[in-house]
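# Structure at a glance
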Protein chains: 4
Amino acid sequence: MDKIKKTVLAFSGGLDTSVILKWLQDTYQCEVVTFTADIGQGEEIEPARAKAKQFGIKEIFIEDLREEFVRDYVFPMFRANTVYEGEYLLGTSIARPLIAKRQIEIARATGADAVSHGATGKGNDQVRFELGYYALQPDIHVIAPWREWDLTSREKLLIYAEKQGIPIEMKQKQGSPYSMDANLLHISYEGRALEDPAQAPEESMWRWSVAPEAAPDEPEYLDIEYEHGDIVALNGEKLSPAAVLAKLNQLGGKHGIGRLDLVENRYVGMKSRGCYETPGGTIMLRAHRAIESITLDREVAHLKDDLMPRYAALIYNGYWWSPERKLLQTMIDGSQTSVNGWVRVKLYKGNVMVIGRDSKTDSLFDPNIATFEDDEGAYNHADAAGFIKLNALRMRIAQARRNS
Amino acid sequence: MDKIKKTVLAFSGGLDTSVILKWLQDTYQCEVVTFTADIGQGEEIEPARAKAKQFGIKEIFIEDLREEFVRDYVFPMFRANTVYEGEYLLGTSIARPLIAKRQIEIARATGADAVSHGATGKGNDQVRFELGYYALQPDIHVIAPWREWDLTSREKLLIYAEKQGIPIEMKQKQGSPYSMDANLLHISYEGRALEDPAQAPEESMWRWSVAPEAAPDEPEYLDIEYEHGDIVALNGEKLSPAAVLAKLNQLGGKHGIGRLDLVENRYVGMKSRGCYETPGGTIMLRAHRAIESITLDREVAHLKDDLMPRYAALIYNGYWWSPERKLLQTMIDGSQTSVNGWVRVKLYKGNVMVIGRDSKTDSLFDPNIATFEDDEGAYNHADAAGFIKLNALRMRIAQARRNS
Amino acid sequence: MDKIKKTVLAFSGGLDTSVILKWLQDTYQCEVVTFTADIGQGEEIEPARAKAKQFGIKEIFIEDLREEFVRDYVFPMFRANTVYEGEYLLGTSIARPLIAKRQIEIARATGADAVSHGATGKGNDQVRFELGYYALQPDIHVIAPWREWDLTSREKLLIYAEKQGIPIEMKQKQGSPYSMDANLLHISYEGRALEDPAQAPEESMWRWSVAPEAAPDEPEYLDIEYEHGDIVALNGEKLSPAAVLAKLNQLGGKHGIGRLDLVENRYVGMKSRGCYETPGGTIMLRAHRAIESITLDREVAHLKDDLMPRYAALIYNGYWWSPERKLLQTMIDGSQTSVNGWVRVKLYKGNVMVIGRDSKTDSLFDPNIATFEDDEGAYNHADAAGFIKLNALRMRIAQARRNS
Amino acid sequence: MDKIKKTVLAFSGGLDTSVILKWLQDTYQCEVVTFTADIGQGEEIEPARAKAKQFGIKEIFIEDLREEFVRDYVFPMFRANTVYEGEYLLGTSIARPLIAKRQIEIARATGADAVSHGATGKGNDQVRFELGYYALQPDIHVIAPWREWDLTSREKLLIYAEKQGIPIEMKQKQGSPYSMDANLLHISYEGRALEDPAQAPEESMWRWSVAPEAAPDEPEYLDIEYEHGDIVALNGEKLSPAAVLAKLNQLGGKHGIGRLDLVENRYVGMKSRGCYETPGGTIMLRAHRAIESITLDREVAHLKDDLMPRYAALIYNGYWWSPERKLLQTMIDGSQTSVNGWVRVKLYKGNVMVIGRDSKTDSLFDPNIATFEDDEGAYNHADAAGFIKLNALRMRIAQARRNS
């Protein structure tokens, strides 16, 4: 076992990370710095201070990172219309790089030589945290208790907590039927009751959205304004990035939008069933494609589409801080200069319907050329004959050869 | 102008292709063979016989191609989860290659030296028809009246029709507010009233689907069975490919599923606004991804995803009969061997929700490994440390270099 | 025929463009502005002035563009290790965008409404010129005499020249056995005597390089210094971009380096046989890969390799001024920040052998980790077991499934 | 430590695998099956039998796999013009899957529950072997002594050998200045004296090829005949796959062809310097591109080029037996149906020059269309205008928008 002086723990204040905190103190005999962040998970973070103090922690970091999270992580990702395996909006994946970065920054600030997280040894999150740590601070020590300790079952963990005097709430004793993770982009549900992909989850599982059946009978219309590919206003009101996403979550959730139930391929090699609620993100994806549809050059759009799955896999697999992700981001961001304008969507019982889009400054939709009516010579129909003939030439030569 | 002996015309029996028929006879002084196919557009094709006879046509081909269309074109395309520009299900694009192929076959059978179609000079369809013709019969003459004649407006066309004694129905005089195209996969609407992408289409435009608001208040559940990536049964009933799609259209339409309103990039260079109804296709896309999610290897799935936009563009651009499309198809089809099993979807007011999926024979979802519970050693958590360490190595070396 | 006021002609001063000049004056009754550039083709450009004056041209542009050509076109292209169809170094393709850009700039400066070029209707160059024109000035008129006139054979052109009093040299009467094009990057040979790809070209064809057999018996060593992916010095001497390429051409040519004889696929649809001499470019490609091999991250290098064929095709097809090429360039250029250091090559009878490479500031080659000897713990061998196990997991699950 | 009954060892008969054999017997107390294959490494394999018997081995497998190696591994790989990182011909990578497959087959035949190899913990070969084992036999035990034992230096290994009575030759005592690996496709040199990429290797290192300087002063011409992308005859003589490669190695080596000195990126994360001799492979790559240049459709060729780096990385990283490599192979093989004909190359002092290529049955080079002379209407120059106009349209609309 490495000799550790001080470690920065991503600390939620909940049972699991409390056990980890205690275990780190006992096992490594090292100082622990706690780091608790609000990234929109919907729980108070201030109570974590008192909990940390109970363990004698002296360096306690409690931070509201919501704006940074949306501005520097969520928005850049949505510029690429990012979707993993055709459906997953990467809500968990995109939060890890920020946490990892802040842990390293805090380690530097506090002179810590290690960082710790509460992710298990089977999931993607351990990879995302640790690739971030190593990319930013190559000589950092990483402590991943779930891969090291012998608390391999819920029972053992509860016994340990009890022994150590860590308070256990009733619901924690029973255990949750799912493993959950939340931030301003989504909530995820995995494991336990969801482990049979042939069975639908119970309605009671979902937290942020009503079922489409329970959504209002009246549709709601929403105007979304874009600058350089990012949303800057909703219904005419300028909003900060985090406020945009919070508002979209509220509207989407109200209208039953953004539930997803899928089986995905983890980077560590197995298939896994996950359920996700991403109300705001689901609206953002549709609307961003719509604003791009009139402001982006065709080949630029296709280049982005061709590279999107690769970009999505990089984020899913934890390579946010890699040079290749950053390089792709340069290109994606470069494409968004002209992505300005507005999109109108209709929200209704699970549906996000685009019903209008325009850009005063950057629309490439040219009604004079697109028209089915007489275009007064803007487009020469005869050009199409030559276009087709030369595009067909290689196939004609080949077929003539086969026929000869 | 080329000297033409005989041409095979794709003939719907409607006003436009009747004018074309007459114009071909007058202009080229050639024999015309008419070809009318049922590909599920929802109109009787038999009446085309009488209409053709009125023009003195001797060789009249009237064929039901619905099964061939779905089996050999639609199903192969859906094996790739094909979507153009993130949203369009390629309903028009996929029908053209079949029409082109049959026209060439009929040209060979009847000794014709030319083929003709009624697509305009601004659209994609002329390209799709003609690339097909040329690829299959390199020395064929192609007559594209819309690029050649001077009937450049609706009025001129109506005057010509009147002069030639071609019967004009009242609604044709008024002109449709949209250009429409239908087959078993979809209906498309383009042009005229749709030429402003800032404006939503009128509700009355849609033909196959009710609005989500008008759909039943009760959801409907559907079991979809797959063999080798194709649907073979619905709710336990074995169905032919065309019957599958017809049934899915009926169910989807009933539940307000599959409407799409978008701006797309045409191959001939301009942006174009299109509205589409693809009720069955929309269900198929979701369900196919779901069955693949448990039966396809991760890297195979990702390879397919990486190549999908390219494959979609080939079909959109008219390259169905190209060697590169056929080669990609080989790979796509090869991936579907293991895509067997069932998917359960819930249809409700515009939503297609996957609520279960399984495969007795081919599921790669291994609950013993995926479980959050104790897996009794099926997966060694310690392996993850090495996995992360080596994946991080190149980034650590680079960062250490920068720090040095 | 369009009514033209003034056209800017890319004018070499040779027979063909002289005939074009005269033909433009006669046919379009328009003013002609001549533009003659030195891009390293190895011929004097100043004589073009007197020739233009003979035709009464008043606006004559004669410019040395060699530095701009290498700095802004050749070097950026080599940053991507660009090769078309595995072999061709794009010597002709890369010069066209610069010519097109200057023609448009001159058209703006002189109030011309048209531009003209001397490329034929079968080749790629017409496409490269005209896509450039249109991208930079969408309403420009393009006059492509070879697609318009009836001087469709050498004889007709000579007769026309004679009639118009255009001086014809003896060698022009005989006609060249090849069509040639030269600039600082290469000479190309096409057509006529080369039209049978089964036959090798005659030794006498090659202009810039000796045959490997005729090259010196002694090898020559060359040190190449890179900054941000571009060559800045040779054998310790700082040189401008054009001077770098001129020097490499001289060295490469002397040692029989850079001849190529191939069949390529033109954008306009047919296969074409071309022979190329690219002495300096051949050295640059090998050396650039060598400096990248120690300074570029693995995944960045692979991303570049994956996109290179697409980037090469964009340049070959004439899309230099397209938004997608510019976006790819952003990414390529972004990758070169760390590409600093030196490469040593040995030149000998057609061979370019890399015999050393290093980077004081940016080498990612870490001998402590790469070593076969004891690395004192820099790399933990046991990590490899976990790395392999998790990478194998999906295949193990699948194979176990098949065996079950 | 796992309890092992019987393991199949890849056994060369040399010092290292002899030590491993003994170590396996001692450490695991298990039976060892030896497997020695001739894949063209140029050493007798029969002596391995006696050596194995000295250790009391009862099940000894000695096999000549040269034809299988070239036919089923080397040739399929060359159909894709496979090159890793722009230069490396994958000589080592391509041999491992065959060894892995035979070890697993032998394990099944002999009832062994484990397999062992002599690859180190830092290299790619351990990955290639083990991914193969696991993909083919998911429950196999893998013993990788170099990752397990404490013989971490040459000295310790020699002491162990001495103690165990394993005969040590003089040259082994001194240690080789390089780590070498050979098969019918290449020899590789790595490590020790090569660990400084700024320094060229000594001339005495190279085994299979003379230096270009030492090659004959007379060039040699070679006719290569292809069927379906594979070489079937040299200079008119039909030859088996292994005989083809052996002959090409002999010719290439004689003419100083196929030496390579590079720095590559290993899958396990570090950069590594390698020197390679691939005389026959170097000829094959050039010649295969040449035959494809006249027989392959442009877009098929480009699709192959776009996917080649991915295919190469799969082989380099050890994924030969993965479903994605097999799927790509299907596509690659499918493209080779028309790759029939001959190529003539000139071999001279390190150069492979293609000087002719033709295909009686499948050439797509059409001199009537490619000609610079009058083509009698085979190609309509006017078509190019429309082709260019429509390809430029999107850029014109965008530029007009920017100007407005």
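The residue count restarts for each chain, going from 1 along the sequence in the order it is written. For naming, the first written chain is A and the first written ligand is 1, with later ones following in the order written. Only residues with pLDDT of at least 70 get local features here, since the model is predicted, and only at 80 or more are side-chain atom pairs given and counted; chain-wide, interface and lining totals rely on the full set of residues. As a convention, hydrogens and water are excluded, and side-chain values are obtained from all of the structure's heavy atoms.

### Quick word on the overall build of chain A
- Runs of H or I in DSSP of at least four residues are treated as helices and runs of E of at least two as strands, each being numbered from the N terminus. Along its length, chain A carries 14 helices and 14 strands.
- Taken along the three principal axes of its C-alpha coordinates, chain A extends 85 × 55 × 45 Å.
- Summary of the burial criterion: residues with accessible area below 20% of their type's maximum are buried, those above 50% are exposed, and those between are partly exposed, where the area comes from a 1.4 Å probe applied to protein chains only. The 404 residues of chain A split such that 66% are buried.
- Put simply, of all contacts in chain A between residues at least 6 apart along the chain, 73% involve residues at least 24 apart.
- With the model as given, the accessible surface of chain A reaches about 14,400 Å², and the carbon-plus-sulfur share is 48%.
- Side chains of chain A give 49 positive and 59 negative charges; the mean places of these two sets differ by 4 Å. Should any heavy atoms of two residues lie within 4.5 Å, those residues are considered in contact. The method behind every accessible area is Shrake-Rupley, applied with a 1.4 Å probe, and residues are considered shielded solely by the protein chains displayed. Only four residue types enter the charge count: Lys and Arg as positive, Asp and Glu as negative, with His and the chain ends excluded. By convention, the point assigned to a charge is CZ for Arg, NZ for Lys, CD for Glu and CG for Asp.

### Examining the relation of the copies chain D and chain C
- Once chain D is rotated about the relating axis by 180 degrees and shifted along it by 0.0 Å, it coincides with chain C to within an RMSD of 0.0 Å. When the rotation and shift are considered jointly, the pair of chain copies conforms to a two-fold rotation axis.
- Interface overlap between copies is the fraction of interface residues in one copy that are interface residues in the other; for chain D against chain C it reaches 100%, indicating a shared surface. The copies were overlaid by least squares, fitting only the C-alpha atoms of residues that reach a pLDDT of 70 or more in each copy.

### Section: the pattern of salt bridges
- One speaks of a salt bridge when a side-chain nitrogen belonging to Lys or Arg is within 4 Å of a carboxyl oxygen belonging to Asp or Glu. Counted under the stated rule, the structure contains 136 salt bridges over all chains.
- Two residues, Arg79(C) and Asp333(C), come together in a salt bridge whose shortest N-O distance is 2.9 Å. Separated by 254 residues along the polypeptide, Arg79(C) in the loop between helix 3 (66-78) and helix 4 (96-110) and Asp333(C) in helix 12 (residues 323-335) bring together distant segments of the chain.
- A residue is classified by how much of its surface remains accessible, and Asp333(C), at 31% relative accessible area, is partly exposed.
- One continuous salt-bridge network, built from bridges that share partners, spans Glu63(A), Glu68(A), Lys101(A), Arg102(A) and Glu105(A).

### Some thoughts on the nonpolar core
- Phe69(A), Phe69(B), Phe69(C) and Phe69(D) are the most contacted members of the largest nonpolar core, which has 416 residues in total.
- In contact with Phe69(B), other than residues within four places in its own chain, are Ile39(B), Val74(B), Ile94(B), Ala95(B), Leu98(B), Asn183(B), Leu184(B) and Leu185(B).
- In these notes, a set of buried Ala, Val, Leu, Ile, Met, Phe, Trp, Tyr and Cys residues joined through side-chain atoms within 4.5 Å is what counts as a nonpolar core. By size, the runner-up hydrophobic cluster in this structure holds 30 residues, among which are Leu15(D), Ile45(D), Phe55(D) and Ile57(D).

### A short note on the domain arrangement of chain A
Residues and elements named next belong to chain A.
- Annotation comment: domain bounds sourced from an automatic or database domain assignment. Domain boundaries assigned for chain A yield domain 1 (6-69 + 94-175) and domain 2 (192-358).
- For domain 1 and domain 2, the distance between their C-alpha centres works out to 29 Å.
- With 16 residues of domain 1 at the contact, the number on the domain 2 side is 17 residues.
- Note on definitions: buried area is the accessible-area loss of two parts on being combined, 1.4 Å probe, summed for both. Interface area for domain 1 against domain 2, summed over the two sides, is near 1,400 Å², with a carbon-plus-sulfur share of 64%.
- Three residues, Glu-67, Asn-124 and Arg-128, lead the burial of domain 1 against domain 2; their summed loss comes to 34% of the area buried on that side.

### Description of the packing of helix 9 (residues 241-254) of chain B against helix 10 (residues 279-295) of chain B
Residues and elements named next belong to chain B.
- For helices, the axis comes from a line fit to the C-alpha atoms of the stretch in contact; other axes are also lines fit to C-alpha atoms, and the angle between any two N-to-C directions lies between 0 and 180 degrees. Contact pair helix 9 / helix 10: the axes reach a minimum separation of 6 Å and the direction vectors enclose 100 degrees. Relative to helix 10, the element helix 9 lies roughly perpendicular. Touching Leu-245, Leu-248, Asn-249, Gly-252 and Gly-253 of helix 9 are Pro-279, Gly-280, Gly-281, Ile-283 and Met-284, all from helix 10.
- Considering only residue class, the contact of helix 9 with helix 10 consists of five nonpolar, five polar and no charged. Oblique is the label for every angle not falling under 35 degrees (roughly parallel), over 145 degrees (roughly antiparallel), or within 65 to 115 degrees (roughly perpendicular). Any residue outside Ala, Val, Leu, Ile, Met, Phe, Trp, Tyr, Cys, Pro, Asp, Glu, Lys and Arg is labelled polar, Gly included; the first ten of those are nonpolar and the last four are charged.

### What about the relation of the copies chain D and chain B?
- For the pair chain D and chain B, the relating rotation is 180 degrees, the translation along its axis is 0.0 Å, and the fit reaches an RMSD of 0.0 Å.
- The overlap is high: 100% of the interface residues of chain D also sit at the interface in chain B, so the same surface is used on both sides.

### Looking at the interface of chain D and chain C
- With 95 residues of chain D in contact, the opposing surface of chain C contributes 95 residues.
- Across the chain D/chain C interface, buried area totals approximately 8,500 Å², and carbon plus sulfur atoms make up 56% of it.
- Between chain D and chain C we count eight salt bridges in total.
- A salt bridge links Arg286(D) to Glu87(C); its shortest N-O distance comes to 2.9 Å.
- Throughout this description, a polar contact denotes any pair of N or O atoms lying within 3.5 Å of each other; where both atoms belong to protein, one of them has to be capable of donating a hydrogen while the other can accept it, and for residues adjacent in sequence the pair is counted only when both atoms sit in side chains. Our count for the contact surface shared by chain D and chain C stands at 40 residue pairs in polar contact (both at pLDDT 80 or more).
- Here the side of chain D that touches chain C gets 13 residues from one element, more than from any other, and that element is helix 14 (residues 382-403) of chain D.
- For the side of chain D that touches chain C, the residue count by class is 43 nonpolar, 22 polar and 30 charged.

### Section: the UniProt feature "binding site: L-aspartate" (unreviewed entry) in chain A
All names here are of chain A.
- UniProt positions are given in the numbering used here, feature names are shortened, and annotations may be inferred rather than shown by experiment. UniProt records the feature "binding site: L-aspartate" (unreviewed entry) for Thr-120, Asn-124 and Asp-125 in the present numbering.
- The topology assignment puts Thr-120 in the loop between strand 4 (114-116) and helix 5 (125-136).
- In this fold, Asp-125 is placed in helix 5.
- Among all residues touching Asp-125, those that are not within four sequence positions of it are Thr-92, Arg-96 and Ala-119.

### Description of the pairing of strand 8 (residues 220-227) of chain C
Residue and element names in this part refer to chain C.
- Bridge count between strand 8 and strand 13 (residues 341-348): seven bridges; the pairing is antiparallel. Within strand 13, the position partnered with Glu-220 by the bridge is Leu-347.
- Between strand 8 and strand 9 (residues 230-234), which pair antiparallel and follow one another directly, the connecting turn spans two residues, one of which, His-228, has a positive phi of 50 degrees. A strand pair is defined by DSSP finding two or more bridges across the two strands.

### Some points on the sheet that holds strand 10 (residues 237-238) of chain C
Residue and element names in this part refer to chain C.
- Pairing within the open sheet is antiparallel, and its five strands lie in the order 10-9-8-13-14. The outermost strands of the open sheet, each flanked by one partner alone, are strand 10 and strand 14 (351-358).
- Note: strand 8 against strand 9, four bridges, orientation antiparallel. What sits directly across from Ile-224, in strand 9, is Leu-234.
- The strands touched by helix 10 (residues 279-295) are strand 8, strand 9, strand 13 and strand 14; relative to strand 14, the strand with the most contacts, the crossing angle is about 25 degrees.

### Looking at the interface of chain D and chain B
- On the chain B side, the residues contacting the 23 residues of chain D number 23 residues.
- When chain D packs against chain B, close to 2,000 Å² is buried across both sides, 72% of that on carbon and sulfur atoms.
- Among the salt bridges present, the one from Arg310(B) reaches Asp306(D), with a minimum N-O distance of 2.7 Å.
- Taken together, the connections running from chain D to chain B amount to two residue pairs in polar contact (both at pLDDT 80 or more).
- For the side of chain D that touches chain B, the elements supplying multiple residues, two or more each, are helix 11 (298-317), helix 12 (323-335) and helix 14 of chain D.
- With eight residues, helix 12 of chain D is the largest single contributor of residues to the side of chain D that touches chain B.
- Tallied by class, the residues present in the side of chain D that touches chain B amount to twelve nonpolar, five polar and six charged.

### A look at the sheet that holds strand 4 (residues 114-116) of chain C
Residue and element names in this part refer to chain C.
- One open sheet accounts for five strands, arranged 3-2-1-4-5; its pairing is parallel. Strand pairing shows two members of the sheet lacking a second neighbour, strand 3 (60-64) and strand 5 (141-143), which therefore form its edges. The average undirected angle you get between the axes of adjacent strands in this sheet is 20 degrees.
- Pairing analysis gives five bridges linking strand 1 (residues 6-10) to strand 2 (residues 31-38), with the strands arranged parallel.

### Some words on the side chain of Ser272(D)
- With respect to the helices and strands, Ser272(D) occurs in strand 12 (residues 271-277).
- Ser272(D) sits in the buried class, given a relative accessible area of 1%.
- One polar contact links Ser272(D) to Arg266(D), side chain to side chain, over a distance of 3.0 Å.
- Not counting chain neighbours up to four residues away, the residues in contact with Ser272(D) comprise Phe365(C), Glu190(D), Leu262(D), Val263(D), Glu264(D) and Arg266(D).

### Description of the packing of aromatic side chains
- Within 6.5 Å between ring centres, the rings of Phe, Tyr and Trp (the latter by its six-membered ring) count as paired, and their orientation is classed by plane angle as stacked under 30 degrees, edge-to-face over 60, tilted in between. With the rule as written, the count across this model stands at 54 aromatic pairs over all chains.
- A ring pair is formed by Tyr178(D) and Tyr189(D), whose centres lie 6.0 Å apart and whose planes are at 80 degrees; its orientation type is edge-to-face. Pair noted here: Tyr178(D) is in the loop between helix 8 (170-174) and strand 6 (179-182) and Tyr189(D) is in strand 7 (residues 187-190), with a separation of eleven residues, a long-range link. The same class applies to Tyr178(D) as to Tyr189(D), namely buried.
- By the ring-pair criterion, three or more aromatic residues cluster together here, those being Tyr267(A), Tyr319(A), Phe387(B), Phe387(C), Tyr267(D) and Tyr319(D).
- Distance and angle both matter: a charge sits over a ring if NZ of Lys or CZ of Arg is within 6 Å of the ring centre and within 35 degrees of the ring normal. The ring of Trp320(C) carries Arg325(C) above its face, with NZ or CZ at 3.5 Å from the centroid.
- Sitting over the ring of Tyr316(D), Arg128(D) keeps its end group 4.8 Å from the ring centre.

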